[in-house]
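Inside the fold
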Amino acid sequence: MIDTAAALPAESVGVWGLGGIGTYALQVARPAGAAPAIGLDPLPAARERALELGADHTVDPTAEDALDRIAELTGGRGLKVAIDAAGRAGTIAQANRALGHRGRLVLVGMSMDRVELAPLAALTRDRHSATGHLGCRKEHIEQLVDPVATGRLDISRSISAELPLSEVAEGVRRLERKEGNPIRIVIRIRP
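In this report, we go over the structure that sits alongside the text.

Looking at a nonpolar patch on the surface
On the surface, Leu 165, Val 168, Val 172 and Ile 189 cluster together into a nonpolar patch covering about 360 Å² of accessible area. Here Val 168 shows up in helix H7 (residues 168-177).

Some remarks on the nonpolar core
Within the largest apolar cluster, 15 residues are counted, with the highest numbers of intra-cluster contacts made by Val 13, Val 15, Leu 18, Leu 26 and Ile 83. Of all the secondary-structure elements, those providing two or more residues to this core are strand S1 (13-16), helix H1 (20-29), helix H2 (44-52) and strand S4 (79-84). The element that contributes the greatest number of residues to this core is H1, accounting for three residues. Listed in part, the 14 residues of the second largest apolar core include Leu 40, Leu 79, Ala 82 and Ala 98.

Points about the pairing of strand S2 (residues 37-40)
Taken residue by residue, a regular strand's side chains alternate between the two faces of the sheet. Here S2 shows a buried face lined by Ala 37 and Gly 39 and a second buried face lined by Ile 38 and Leu 40. Here S1 pairs with S2 via four bridges, running parallel. Paired with Gly 14 across the two strands is Ile 38, which belongs to S2. Tracing the backbone out of S1, into H1 and back to the parallel element S2 gives a crossover that is right-handed. The pairing of S2 with strand S3 (residues 57-59) spans three bridges and is parallel. Paired with Gly 39 across the two strands is Thr 58, which belongs to S3.

Rules of the game
- Residues numbered from 1 in each chain as written.
- Predicted model: local features only at pLDDT ≥ 70, side-chain atom pairs only at ≥ 80, totals over all residues.
- Heavy atoms only, no water.
- Patch = residues over 30% accessible without salt bridge, like charges linked within 9 Å, V, L, I, M, F, W, Y side chains within 5 Å.
- Areas by Shrake-Rupley, 256 points an atom, 1.4 Å probe, with all protein chains shown as cover.
- Salt bridge = Lys/Arg side-chain N within 4 Å of Asp/Glu carboxyl O.
- Helix = DSSP H or I, 4+ residues; strand = E, 2+ residues; numbered from the N terminus.
- Core = buried A, V, L, I, M, F, W, Y, C linked by side-chain atoms within 4.5 Å.
- Buried < 20%, exposed > 50% of the residue type's maximum accessible area, 1.4 Å probe, protein only.
- Pairing = 2+ DSSP bridges.
- Right-handed = clockwise from strand over helix to strand, strands pointing away.

Printed below as a string of C-alpha cells:
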C-alpha cells in the first residue's frame, strides 16, 4: 500500500479480492488515509466483513454497474490506486478500467491467466501504471508493529481459524470451499 502503490492520504483505493492479502491491504488503506477505501469481492460475506474491517464502501465486481458505482463513489474521478489480490484476468482488467487519470494498478494476486489491460491508447492517454508486488521486506513487518500494538490495526480479525499441523488438509478444504467465510487459516506447529 505504501511502497509499491505509493498511496497518499486522500487518494481513492480499491481492493479486488477480499481474502487474506486483500483484507490486509484494505486494513492498511484506511489508516494510510485512503478516501474512499473500497472493497470488491463477489461474496456478500466478504463484502460485509470488509465494512467491519474499515472499508468505506463495498462493491460486487460481478454486478453490471460495478464500474459506474466506483465512478460514483470517487466523484467521477476513478480510483488513484487499484490493488488486485485476486489475480484473475477479469478482475485485473476491471481494476485497470476503474482507474482515473494517473491511476496506479498493483498486481498482487497470481494465476496463469493471460492479461489484457486496455488498448494502448487508453493506457498512454490516462497515464496508468501497473506494478507487480510479491512478499514483503523486514522493514514492512517493523512498520506494522506499532499500529498493531496500539490497536490502530487489528490483524487478529483476519485470522479465521487456528489449526494444528495434523489438520492442514482440513484447512485447505475450508479455504477451497470457502467454508465459514475464511480469510486466513493459521497452522500451529507445536510439539
